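Coordinates in review
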Amino acid sequence: MDETFITLEYKDNELHLIDQRLLPNEYTMFRCANYRDVEFAIRDMVVRGAPAIGAVAAFGVLMAAKEFEPIYRTASPQEFRKKLGDACAFLDAARPTAVNLHWALQRMLQKLDTSGWDSMERILAGLEQEADCIRSEDIATNKAMARVGNDIVPHKATILTHCNTGALATAGWGTALGVIKEAFYGGKDIFVYADETRPRFQGARLTAWELMQAGIPSKLIPDSVAATLIRDGKIDLVILGGDRVAANGDVCNKIGTFMLSALCKLYGVPFYSVVPVSTIDFTIANGADIPIEERDAEEITHPGGVPVAPAGMQVYNPAFDVTPHQHVTGIITEKGILYPPYDKHIEELRIALGGM
Ligand code: MRU
């Protein structure tokens, strides 16, 4: 089910990505020939979504290692390691908020440092295996979260979601949209309202596309309609993703999420975030410390390249916001659903995972 498209594929030394900037009008593949192309693809949002950018960056490290192979041979393994560390820092800076990017890069560097330095063949084979592991584990994780999350979806439910959390935002299947698909394919009577998700329209362009492909009954709404639907009792639950979860359960996600969470709190609507454990940043005590990406003014003044604001107007364009943990009903992970008190349960999870 829903294996209709492959969001990222590494073949013939190149990384192939669906160019998400062009969907739904054009289905075109974007080819990354080197790690600089990978950095561009992440920064320019050819590919986006927390788990997807992590998996893509992992292949970027592999491509950088291949490019630096002559340094290993003619200079020294130490020089090679330094160059690769610099390439990771370069990739890491492409987007600052989603912790999965940093997590995947750290995992690749750790693999490098434990692969043994005696042979370049061994290093490259280890890195390729690790990148592919990150990719395939992500799909398995998403499917596990879908099964876990299905438990909280009633047999008949109208769900509101925000941004894109489907296969496109991951290596496959999706996080929050994965839960919704699991419930729908399992025979539940599901209706989805998808926020258009300004200013980049991930909801209108990507979630709507995925919902239609999956055949899930749904309607696209302007972001500002969500308040009325929630007040009028038309929404049974809100399910969305997350880009970084702090140790106290604060959830950083696409801009507009906080507003939805406040409405849910006000009107008693359950509010769930679906995140793999790799999205939990155990090192960050609370959401106030999460770096929030600010994007170009043109995203607001020139949506789709069309000018809509007076020339020279100042813009404030944060791409994410933080939902306080008090607004979050539950955090769905592949290890189960976390409920309040989040600080206690996240700490227990950290210890269960071996003290990450
Ligand atoms: O700016 P984007 O499109 O990368 O933002 C994506 C989101 O905010 C998603 O909700 C989040 O990554 C979780 S979905 C896997």
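Predicted model, so just to flag it, every value in this text is computed and none were measured. (Residues numbered from 1 in each chain as written. Predicted model: local features only at pLDDT ≥ 70, side-chain atom pairs only at ≥ 80, totals over all residues. Heavy atoms only, no water.)

**What about the packing of helix α4 (residues 77-92) against helix α5 (residues 99-114)?**
The angle between the axes and the distance between the axes are what describe a pair of packed helices. Put simply, α4 and α5 touch, their axes get as near as 10 Å, and they point 170° apart. Taken together, the axis directions place α4 and α5 in an arrangement best described as roughly antiparallel. The segment α4 lies against α5, with F80, R81, L84, C88, L91 and D92 engaging L101, H102, L105, L109, L112 and D113. Taken together, the residues of the contact of α4 with α5 sort by class into eight nonpolar, one polar and three charged. (Axes fitted to C-alpha atoms, helices over the stretch in contact; angles between N-to-C directions. Helix = DSSP H or I, 4+ residues; strand = E, 2+ residues; numbered from the N terminus. Parallel < 35°, antiparallel > 145°, perpendicular 65-115°, else oblique. Contact = heavy atoms within 4.5 Å. Nonpolar A, V, L, I, M, F, W, Y, C, P; charged D, E, K, R; others polar.)

**Describing the sheet that holds strand β13 (residues 336-338)**
Reading across the sheet, the seven strands line up as β6-β5-β4-β7-β10-β12-β13 and stay open at both edges, with mixed pairing between neighbours. Sheet topology places β6 (218-221) and β13 at the edges, where each strand pairs with a single neighbour. Taken pair by pair, the neighbouring strands of this sheet meet at an average axis angle of 25°, ignoring direction. Pairing between strand β10 (residues 271-274) and strand β12 (residues 330-333): three bridges, direction parallel. Paired with Y272 across the two strands is G330, which belongs to β12. Most of the contacts of helix α6 (residues 120-150) go to β12, to which it runs at about 140°, and overall it touches β10, β12 and β13. (Pairing = 2+ DSSP bridges.)

**What to know about the pairing of β12**
Strand residues, when the strand is regular, have side chains that alternate between the two faces of the sheet. Burial along β12 is two-sided: the face carrying G330 and I332 and the face carrying I331 and T333 are both buried. Note that β12 and β13 share three bridges and pair antiparallel. Bridging from a neighbouring strand, I331 pairs with L338 of β13. Here β12 folds back onto β13 in antiparallel fashion, the turn holding two residues. (Buried < 20%, exposed > 50% of the residue type's maximum accessible area, 1.4 Å probe, protein only.)

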